[in-house]
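Residue-level listing of the chains:
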Amino acid sequence: MSKPDHALPGEPHVARRDGQLWMEGASLQALAREHGTPLFAYSRQWMLDALAAYQRGFAGRDALVCYAMKANSSLGILNVFAQAGCGFDIVSGGELERALAVGADPAKIIFSGVGKTRAEMRQALSASIGCFNVESEEELDVLNEVALAQGQRAKVSIRINPDVDPKTHPYISTGLKGNKFGIAHSRALHAYRHAASLPGLDVKGIDCHIGSQITETAPYLDAMERVLDLVESIEAAGIPLSHIDFGGGLGIDYNGDTPPAADDLWRQLLARLDARGFGDRKLIIEPGRSLVGNAGVCVTEVLFTKPGEDRNFCIVDAAMNDLPRPAMYQAFHRIEAVDANREGAPLRYDVVGPVCESGDWIGRDRDLNVRAGDLLAVLSAGAYCMSMASNYNTRNRAAEVLVGGEKATLIRKRETIADQLRSESVGD
Ligand SMILES: *Cc1c(COP(=O)(O)O)cnc(C)c1O
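Keep in mind that what you see is a predicted model, and the values were worked out from it rather than measured.

Thresholds applied
- Residues numbered from 1 in each chain as written.
- Predicted model: local features only at pLDDT ≥ 70, side-chain atom pairs only at ≥ 80, totals over all residues.
- Heavy atoms only, no water.
- Axes fitted to C-alpha atoms, helices over the stretch in contact; angles between N-to-C directions.
- Helix = DSSP H or I, 4+ residues; strand = E, 2+ residues; numbered from the N terminus.
- Parallel < 35°, antiparallel > 145°, perpendicular 65-115°, else oblique.
- Left-handed = near helix turned anticlockwise from the far one by under 90°.
- Contact = heavy atoms within 4.5 Å.
- Nonpolar A, V, L, I, M, F, W, Y, C, P; charged D, E, K, R; others polar.
- Domains from an automatic or database assignment.
- Buried area = accessible area lost by both parts, 1.4 Å probe.
- Expected span 1.5 Å × (residues − 1).
- Buried < 20%, exposed > 50% of the residue type's maximum accessible area, 1.4 Å probe, protein only.
- Arc of directions from axis to C-beta.
- UniProt positions renumbered as here; feature names shortened; annotations may be inferred.
- Phe/Tyr/Trp six-rings, centres within 6.5 Å; stacked < 30°, edge-to-face > 60°.
- Lys NZ or Arg CZ within 6 Å of the ring centre and 35° of its normal.
- Pairing = 2+ DSSP bridges.
- Right-handed = clockwise from strand over helix to strand, strands pointing away.
- Salt bridge = Lys/Arg side-chain N within 4 Å of Asp/Glu carboxyl O.
- Near = heavy atom within 4 Å.
- Polar contact = N/O pair within 3.5 Å; in protein donor to acceptor, adjacent residues only side chain to side chain.
- Areas by Shrake-Rupley, 256 points an atom, 1.4 Å probe, with all protein chains shown as cover.

1. A few points about the packing of helix α2 (residues 44-57) against helix α9 (residues 262-275)
Part 1 of the reasoning: Packing of α2 against α9 leaves a shortest axis separation of 7 Å and a crossing angle of 25°. Compared by their axis directions, α2 and α9 come out roughly parallel. Note on packing geometry: the crossing formed by α2 with α9 is right-handed. Along the contact surface, α2 presents Ala53, Tyr54, Arg56 and Gly57, while α9 presents Ala262, Asp263, Trp266 and Leu270.
Part 2 of the reasoning: In terms of residue class, the contact of α2 with α9 is built from five nonpolar, one polar and two charged.

Okay, here's the thing in structure tokens:
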């Protein structure tokens, strides 16, 4: 008898049918058989639905969603967002090349980051990007020089550190006083006066980004109030701002997390913006994780199970080089057997990779009914996994497929050792 389909919590595009996991109309087992493991699979529909929630929130407004591509910068993913009309938030010259490679409109590209090099500034000016989000007073001076040398004016926004606590992991909070990001609220007016005096700069807006995996509305409202206070004082000093950029940071459901829905969040924020008389400004946002995080799963094969006195280990072929978030932030990813039909009782395992580090774990204390050769799906692996993947232990980076209905397209071939060795030599 057939069991009913049921979508996994937080992952509406991953469902069990007859005990097997499917993403949209594609069986994860079949994808793993065809492409090998570890394999990242992404649901196009989940990404488009996530984007649509923001677009509903901004209906009728002059607003631009710039996908923060560091969350997942694979060309196949960028292409989905470029085709849907998104702009891009980039943090390096390399990311600029990726955005241009998928035909992104340069006017919709904004360049964030605390350490832009002169070469990156030149490259972005030559591409005529929409805006530089400047993060220090020295950067204003250097950008001014570089722009004048190219006979251009750089459009700029200054990233303000609003000093609000996003209530997330310390490594992913960016809007507190002790962070390296942005210019302190108390220095902002001074920095704007300076920027306005530089002939190579064209002051366009203001921005902030307070952190990542934010699951509450209050930090956004607090940051908005702080930013709007500044907009008032900057404009009172005779420097008009045509856009306000509220950054990204909205969280996703990793483990029963309940972030506000993007449309609800923005309805509340826009009501506040209108109430303070700034409803006419162009809005920019920079979501990353919330546009791709729950779209992706990483399918991995169990290599060995190793029962122990203290704990049992389930050793899989994905590792911290593929899925760095647990090692970096003690992050949690749900892990599910791809085939839930196995008879017998589950055992409690630490799911670990083959890398020679004790920090190489993917999940702790997970009840799984698995044997060597079985497949596991690591969920919510769309953001900050592949884009952070490394070659540590000379492991090849995984393959990636983009799923749309029943069709799955290979968007990244599995890396080879030849790829890894190509740029090296033994020296003299
Ligand atoms: C990383 C980053 C984002 C995106 O953050 P998410 O938490 O992935 O939404 C947006 N803006 C800036 C400046 C960033 O550094």
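2. A look at the domain arrangement of the protein chain
Part 1 of the reasoning: Here the protein chain is partitioned into domain 1 (6-43 + 293-421) and domain 2 (112-287).
Part 2 of the reasoning: The straight-line distance from the C-alpha centre of domain 1 to that of domain 2 is 35 Å.
Part 3 of the reasoning: Contacts between domain 1 and domain 2 engage 13 residues on the former and eight residues on the latter.
Part 4 of the reasoning: Each partner contributes to the roughly 890 Å² buried at the junction of domain 1 and domain 2, and carbon and sulfur atoms together form 51% of this total.

3. Focus: α9
Part 1 of the reasoning: The terminal C-alpha atoms of α9, which comprises 14 residues, lie 20 Å apart, in line with the 20 Å expected from a rise of 1.5 Å per residue.
Part 2 of the reasoning: Inspection of α9 places Ala262, Asp263, Leu265, Trp266, Leu269, Leu270 and Leu273 among the buried residues, and these make up the whole buried set. One face of α9 carries all of its buried residues, which in axial projection span an arc of 150°.
Part 3 of the reasoning: Considering only its buried residues, α9 is in contact with α2, α8 (218-236), β13 (243-245) and β14 (282-285).
Part 4 of the reasoning: Remark: glycine 277 follows α9 within two positions and exhibits a positive phi of approximately 85°.

4. Here's the deal with the UniProt feature "binding site: substrate" (unreviewed entry) in the protein chain
Part 1 of the reasoning: Per the UniProt record, "binding site: substrate" (unreviewed entry) is annotated on Arg289, Arg325, Tyr329, Glu357 and Tyr384. Over a stretch of 96 residues, the named residues are scattered through the fold, their C-alpha atoms separated by up to 26.8 Å.
Part 2 of the reasoning: Note on placement: arginine 289 falls in helix α10 (residues 289-292).
Part 3 of the reasoning: Position of tyrosine 384 among the secondary structure elements: in the loop between β20 (375-378) and β21 (399-404).
Part 4 of the reasoning: Judged by relative accessible area, which is 10%, tyrosine 384 ranks as buried.
Part 5 of the reasoning: The residues contacting tyrosine 384, other than those within four sequence positions of it, are Lys70, Ala71, Arg289, Pro324 and Arg325.

5. Focus on the packing of aromatic side chains
Part 1 of the reasoning: All told, the structure shown has six aromatic pairs when counted by the stated rule.
Part 2 of the reasoning: Ring geometry for tyrosine 67 against phenylalanine 88: centres 6.3 Å apart, planes inclined by 70°, an arrangement best described as edge-to-face. Here phenylalanine 88 lies in strand β7 (residues 87-90) and tyrosine 67 lies in strand β6 (residues 63-68), a separation of 21 residues in the sequence. The pair formed by tyrosine 67 and phenylalanine 88 is uniform in burial state, with each residue classed as buried.
Part 3 of the reasoning: Each residue in the set Phe58, Phe246 and Trp266 is aromatic and connected to the rest through ring pairs, giving one cluster.
Part 4 of the reasoning: Positioned over the ring face of phenylalanine 111 is lysine 116, at 5.5 Å from the centre of the ring.

6. A short note on the pairing of strand β12 (residues 201-207)
Part 1 of the reasoning: With six of seven residues buried, β12 lies mostly within the body of the structure.
Part 2 of the reasoning: When strand β10 (residues 154-161) meets β12, the two strands line up parallel, connected through six bridges. Considered in β12, the bridge of serine 157 is made with glycine 205.
Part 3 of the reasoning: Pairing between β12 and β13: three bridges, direction parallel. Counted as the bridge partner of aspartate 207 is aspartate 245 from β13.
Part 4 of the reasoning: Of the crossover connections in this fold, the one passing from β12 over α8 to the parallel β13 is right-handed.

7. Thoughts on the pattern of salt bridges
Part 1 of the reasoning: What the rule picks out here adds up to 25 salt bridges.
Part 2 of the reasoning: Across the pair aspartate 280 and arginine 281 runs a salt bridge whose closest N-O atoms are separated by 3.2 Å.
Part 3 of the reasoning: Residue aspartate 419 pairs with arginine 422 through a salt bridge whose shortest N-O separation is 3.3 Å.
Part 4 of the reasoning: Among the residues examined, aspartate 419 registers a relative accessible area of 31% and is labelled partly exposed.
Part 5 of the reasoning: On the basis of relative accessible area, arginine 422 is assigned to the exposed category, the value being 61%.
Part 6 of the reasoning: Several salt bridges converge on common partners, so that one network encompasses Glu225, Asp229, Glu232, Arg272 and Arg276.

8. Thoughts on the environment of glycine 113
Part 1 of the reasoning: By the secondary structure assignment, glycine 113 is in the loop between β8 (109-111) and α5 (118-126).
Part 2 of the reasoning: With relative accessibility at 15%, the residue glycine 113 sits in the buried group.
Part 3 of the reasoning: Residues glycine 113 and proline 354 lie 241 residues apart in sequence; the distance between their C-alpha atoms is 33 Å.
Part 4 of the reasoning: When neighbours within four sequence positions are excluded, glycine 113 is seen to be in contact with Asn133, Glu135 and Glu139.

9. Some points on the sheet that holds strand β4 (residues 26-27)
Part 1 of the reasoning: Strand order in this open sheet of four strands is β1-β2-β3-β4, and the pairing throughout is antiparallel. At either margin of the open sheet sits one strand with a lone partner, and together these are β1 (6-8) and β4.
Part 2 of the reasoning: Sheet topology places strand β2 (residues 11-17) next to strand β3 (residues 20-23); four bridges connect them, and they run antiparallel. Within the sheet, the bridge partner assigned to valine 14 lies in β3 and is methionine 23.

10. What to know about the site of the ligand
Part 1 of the reasoning: The full set close to the ligand counts 14 residues, and Lys70, Ser212, Glu286, Arg289 and Tyr384 are the nearest of them.
Part 2 of the reasoning: Contact between the ligand and glutamate 286: a nitrogen atom at 2.6 Å from a side-chain N or O atom of the residue.
Part 3 of the reasoning: Arginine 289 places a main-chain nitrogen or oxygen 2.8 Å from an oxygen atom of the ligand.
Part 4 of the reasoning: Look at the ligand: alone it shows 390 Å² of surface, and the protein chains cover 94% of it.
Part 5 of the reasoning: Looking at the shell around the ligand residue by residue, the class counts come to three nonpolar, six polar and five charged.

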